[in-house]
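Topology and contacts: notes
The residues making up each chain are set out below.
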Amino acid sequence: MTASPETAGVDTDLSDLDLFTAGPPWAAFDALRRQDPCHFNPERAPNKGFWSITRHADIVAVTRDEATFSSEIGAVNLEELDADQLEIRRSMLETDGARHFALRRLLQRDFSARALAPFETFLRGLTATTLDAALPRREFDFVSEVSADFPIRVLVRLLGIPDDHAGQLINWGNRMVGNTDPDEADVLLDSPESEQYRNLPFRSPAALEVFAYGDELARQRRGGDGADLVSKLVNRTPEDGIPLSERDFHNYFLLLVVAGNETTRHTITHSMKALIDHPEAFATLKERPELLPNAVEEFLRWASPVYHFRRTATKDVELHGRTIRAGDKVVVWWSSGNRDASVFADPDRFDITRDAREHMAFGKGGPHLCLGNQLARMEIRVMFEEILRRVDSAEQLAEPKRVRSNFVNGLKEFDVRLIGA
Ligand code: HEM
C-alpha cells in the first residue's frame with residue numbers, strides 16, 4: 001500500500017511512483033536523514049533494491065568519490081541495465097574519469113556564464129513574448145502557457161535550429177522523461193512492451209526520432225564553421241584525441257535535448273507556486289528585484305526538480321554501520337539533501353533571503369555537476385524579473401497535477417490567476 005507523504009517513515013518505499021504523485025515524500029526523507037541515513041530500499045523483482053543516501057554531507061562525499069561510487073559501471077537511474085544496454089545507451093552522464101572529462105570539456109566553455117551573457121537579450125525577448133500572450137487571459141494553466149515551452153525554445157536557439165521545430169523537441173522530451181507517467185509515455189518504463197525498446201534511452205521509441213533528427217543536423221553542419229552547439233559537437237575533437245562515434249553523438253545530442261527541458265520548466269512552475277504560497281516573498285521581490293539572484297538559489301533548493309541520481313559501488317564499503325557491497329545501487333537523493341537542517345536552518349521554510357547556495361538541485365561536489373547550471377539560473381532569473389515587473393497579484397486556482405515519477409519532481413498542470421500590473 002502506498003504511504004501518504006505526511007506519514008511516511010524510514011520504511012517508505014521510495015521506488016513506489018504512486019507515492020510521489022501525492023507530492024514529495026518530505027517526511028520520509030526527514031526520517032531517513034535522522035534515523036537511517038544509509039538505508040536499504042528493496043524493490044520489486046527483477047530489480048534488486050538500492051541504498052538511499054539522504055544526508056547532504058554523505059551525498060557530497062558519494063558524488064565526489066567516483067572511484068568508489070561509479071557512474072559508469074551501472075545506469076545513473078534505478079533501471080538495471082546489462083552490459084550491452086549500458087554500452088549502447090552511454091552518454092557523458094554514464095562515463096567516469098578522463099573520457100568523461102574530455103566529453104564535458106567539448107562544450108563546457110559554451111555553457112559558462114561569460115559565454116552565455118550575450119544571450120540574455122534573446123531570453124528577455126522570449127520571456128516577454130510568452131508573458132504578453134498569456135497574461136491578458138488572466139486565468140490559465142501556467143505550465144502550458146508559460147513554463148513548458150520556454151526552456152526548449154532557448155535550446156532551439158543554442159542548437160541553431162528553426163524556431164518552429166521547438167514543438168517537436170518538446171514532444172520528444174515529454175515522451176522520454178515522462179516514461180513513468182501514463183499521460184506522457186508511449187510505453188511505460190515498467191511495462192512488458194517497453195522490452196522492445198530496451199536499448200534506447202528511457203526505453204522510449206522517441207529516442208529513435210531524436211537520433212534521426214540529430215543525424216540530419218550533423219550531416220548539414222559537419223565541416224562548417226557554425227557557432228551553434230551541433231556544429232561544435234561534430235567539428236571539435238575531444239581533448240583525449242578520441243573522436244565522437246556516431247553513438248557518442250546520438251547520446252550527447254539526446255542528453256542536450258532532455259537535460260534542460262523538464263528540469264527548468266518544473267523549477268519555474270514550482271517557483272511560481274512558492275511565490276503564490278508566500279505572498280510576502282512575492283511583495284518583497286517586487287519591491288527589491290535586486291534580491292532575485294539570491295532568491296533563484298532558494299527557488300532551486302525549494303523546487304528540487306531532480307529527486308535523485310544513482311551511482312554503483314565498485315567495492316564493498318561501510319557507511320553509517322551498513323555494508324554496501326560491490327555492484328550495489330547507491331541513490332543520492334538531492335531533494336533530501338536540500339532539506340537537511342544541518343546545512344539549511346529551518347529547511348521547510350521558504351526564505352528568499354537565506355543563503356541557499358549549498359543546494360544540490362544541480363548535483364553537488366562531483367564531476368557531473370549540471371553542465372547547464374548557469375544557463376538554467378539565467379533562464380529562471382530573467383523569467384521572474386519579467387513576471388515580477390508585469391504581475392501585481394497571483395493566485396492558485398486548483399491544486400497542481402504532479403508527474404508520476406520519483407526522478408523528476410514535476411508539476412504538469414497548474415491553474416493560476418495572474419493579474420497584470
Ligand atoms: C533547473 C534546471 C536543471 C536542473 C535542476 C538540472 C539538474 C542536473 C543534475 C542533478 C545533474 C546530475 C548531477 C550529478 O549527477 O552529479 C545534471 C547533469 C547535467 N545537466 Fe542539468 N539540470 C538543469 C538544467 C540543465 C540545462 C539547461 C542543461 C543544458 C541544456 C543541462 C545539461 C546537463 C548535462 C549535459 C548534464 C550531465 C553533466 C555530466 O555528466 O558531466 N542541465 N543536471
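Quick look at the structure, then. What you are looking at is a predicted structure, and each value in this text was computed from that prediction instead of being measured.

About the thresholds
Residues numbered from 1 in each chain as written. Predicted model: local features only at pLDDT ≥ 70, side-chain atom pairs only at ≥ 80, totals over all residues. Heavy atoms only, no water. Helix = DSSP H or I, 4+ residues; strand = E, 2+ residues; numbered from the N terminus. Rg over C-alpha atoms; globule rule 2.2 N^0.38 Å. Buried < 20%, exposed > 50% of the residue type's maximum accessible area, 1.4 Å probe, protein only. Contact = heavy atoms within 4.5 Å. Areas by Shrake-Rupley, 256 points an atom, 1.4 Å probe, with all protein chains shown as cover. Lys, Arg positive; Asp, Glu negative; His and termini not counted. Charge placed at Lys NZ, Arg CZ, Asp CG, Glu CD. Near = heavy atom within 4 Å. Polar contact = N/O pair within 3.5 Å; in protein donor to acceptor, adjacent residues only side chain to side chain.

As for the overall build of the chain
Looking only at helices and strands, the chain features 18 helices and 12 strands. A compact globule built from 421 residues would reach a C-alpha radius of gyration of about 22 Å, and the chain, at 21 Å, matches this within 12%. Projected onto the principal axes, the alpha-carbon positions of the chain cover approximately 60 × 55 × 40 Å. Looking at the chain residue by residue over its 421 residues, the buried ones come to 57%. For the chain, the proportion of contacts with a sequence separation of at least 24, taken over those separated by at least 6, is 69%. Of the roughly 17500 Å² that the chain leaves accessible, carbon and sulfur atoms contribute 50%. The positive charge centre, built from 52 side chains, and the negative charge centre, built from 68, are 4 Å apart in the chain.

Examining the site of the ligand
His100, Arg104, Arg311, His368 and Cys370 are the nearest of the 29 residues found near the ligand. Residue histidine 100 places a side-chain N or O atom 2.7 Å away from an oxygen atom belonging to the ligand. Note that an oxygen atom of the ligand is positioned 2.7 Å from one of the side-chain N or O atoms of arginine 104. Of all the secondary structure elements, the ones that give two or more residues to the shell around the ligand are helix 5 (97–108), helix 13 (246–259), helix 14 (261–277), strand 5 (308–313) and helix 18 (373–390). Among the elements that make up the shell around the ligand, the one with the highest residue count is helix 14 (3 residues).

A word on the side chain of histidine 359
Mapped onto the fold, histidine 359 is located in the loop between helix 17 (334–337) and helix 18. Histidine 359 gets classed as buried once you look at its relative accessible area, which sits at 3%. With residues up to four places along the chain from it excluded, the contact list for histidine 359 reads Glu297, Leu300, Arg301, Asn338, Phe344, Lys364 and Arg377.

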